[in-house]
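Tertiary structure, described
The residues making up each chain are set out below.
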Amino acid sequence: ANRGDTFLLLLNNDTFFPPTIHRRDIDVYLFEASPIWDDLLFEYWTRYPQIKHVYNSTAIGTNSSEKLIFFMDLNNHEASSAFHKMGGAQKIIVDCIDICEWMINDMNFNINDNVIIKLDIEGGEYPIMDHIWNYKNNQCISLIDEMYIEWHPWGQKKWNDTQHHNYLERGKNWNDRFGQRGIKMHIWH
């Protein structure tokens, strides 16, 4: 969700949905780990009936019993790190929600729903894609119609600057694999 800019773009752009789906008929669920955006996302939730829930201080993940820990300078949202403290940054701990369990058990999505996912999660997209791909006899991947993903080279357990290209290539491979399963894939910038 970040500051909700993707949601606003979605409302003002006819290319996100097939022509048979009207923007007034969509249900939007926003996830944002950073508490810096809580007030703004709550304001959007009160103004736009399409937003059904804001999962603030919550991260999409692969296991609902995990926590995401990162450090953040509350005066500069661009200066956050999941790995080490920088300057006067504050330690943030948020709950994770298993994306597949959420779609299947919490939301009861089915293959007749038009499910579009946008991921911009600073390197966390790689384990999420693997989780969706391998989840219980295709139960999760079969629900998804379209994905927008920003691939990041950082955030990996064994990452260094020389591996930048390798991780972005991995992202392209995930796009190809999901595309072969019939999911319309987009690289988000």
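Just above sits the structure.
All values reported here derive from a predicted model rather than from experimental measurement.

Next up on the list: the pattern of salt bridges. Enumeration according to the criterion identifies five salt bridges in this entry. Between Asp27 and Lys52 there is a salt bridge whose closest N-O contact spans 3.8 Å. Placement of Asp27 in the loop between helix H1 (5-11) and strand E1 (28-32) and of Lys52 in strand E2 (residues 51-56) is noted, with a sequence separation of 25 residues between them. Here Asp27 falls in the partly exposed class, since its relative accessible area comes to 49%. By relative accessible area, Lys52 is classed as partly exposed at 40%. The shortest N-O distance in the salt bridge between Lys172 and Asp176 comes to 3.2 Å. Here Asp176 and Lys172 lie together in helix H5 (residues 164-180), a separation of four residues that amounts to about one turn. With a relative accessible area of 42%, Lys172 lands in the partly exposed category.

This model, assessed by the stated rule, comprises one disulfide. For Cys100, the disulfide goes to Cys140, at an S-S distance of 2.3 Å. Because the torsion about its S-S bond is -90 degrees, the bridge between Cys100 and Cys140 counts as left-handed. Taken together, the residues Cys100 in helix H3 (residues 99-106) and Cys140 in the loop between helix H4 (125-134) and strand E8 (144-149) connect sequence positions 40 residues apart.

Within the secondary structure, Ile92 is located in strand E6 (residues 90-98). Once residues lying within four places of it in the same chain are set aside, the contact partners of Ile92 are Ala33, Pro35, Leu68, Ile69, Phe70 and Met72.

Turning our eyes to something else, we now look at the sheet that holds strand E7 (residues 115-119). The strands making up a sheet associate through hydrogen bonds between their backbones, and the pairing can be parallel or antiparallel. The three strands are arranged E7-E8-E9 in an open sheet whose pairing can be described as parallel. Each edge of the open sheet is held by one strand with a lone partner, namely E7 and strand E9 (184-187). Along the sheet, successive strands turn relative to each other by an average axial angle of 15 degrees, direction set aside. Pairing between E7 and E8: five bridges, direction parallel. If you follow Val115 over to E8, its bridge partner there is Ile144. Each of E7, E8 and E9 is contacted by H4, which is oriented at about 165 degrees to E8, the strand it contacts most.

Rules used throughout
- Residues numbered from 1 in each chain as written.
- Predicted model: local features only at pLDDT ≥ 70, side-chain atom pairs only at ≥ 80, totals over all residues.
- Heavy atoms only, no water.
- Salt bridge = Lys/Arg side-chain N within 4 Å of Asp/Glu carboxyl O.
- Helix = DSSP H or I, 4+ residues; strand = E, 2+ residues; numbered from the N terminus.
- Buried < 20%, exposed > 50% of the residue type's maximum accessible area, 1.4 Å probe, protein only.
- Disulfide = S-S within 2.5 Å.
- Contact = heavy atoms within 4.5 Å.
- Pairing = 2+ DSSP bridges.
- Axes fitted to C-alpha atoms, helices over the stretch in contact; angles between N-to-C directions.

As far as function goes, none of this settles anything; it's purely spatial.
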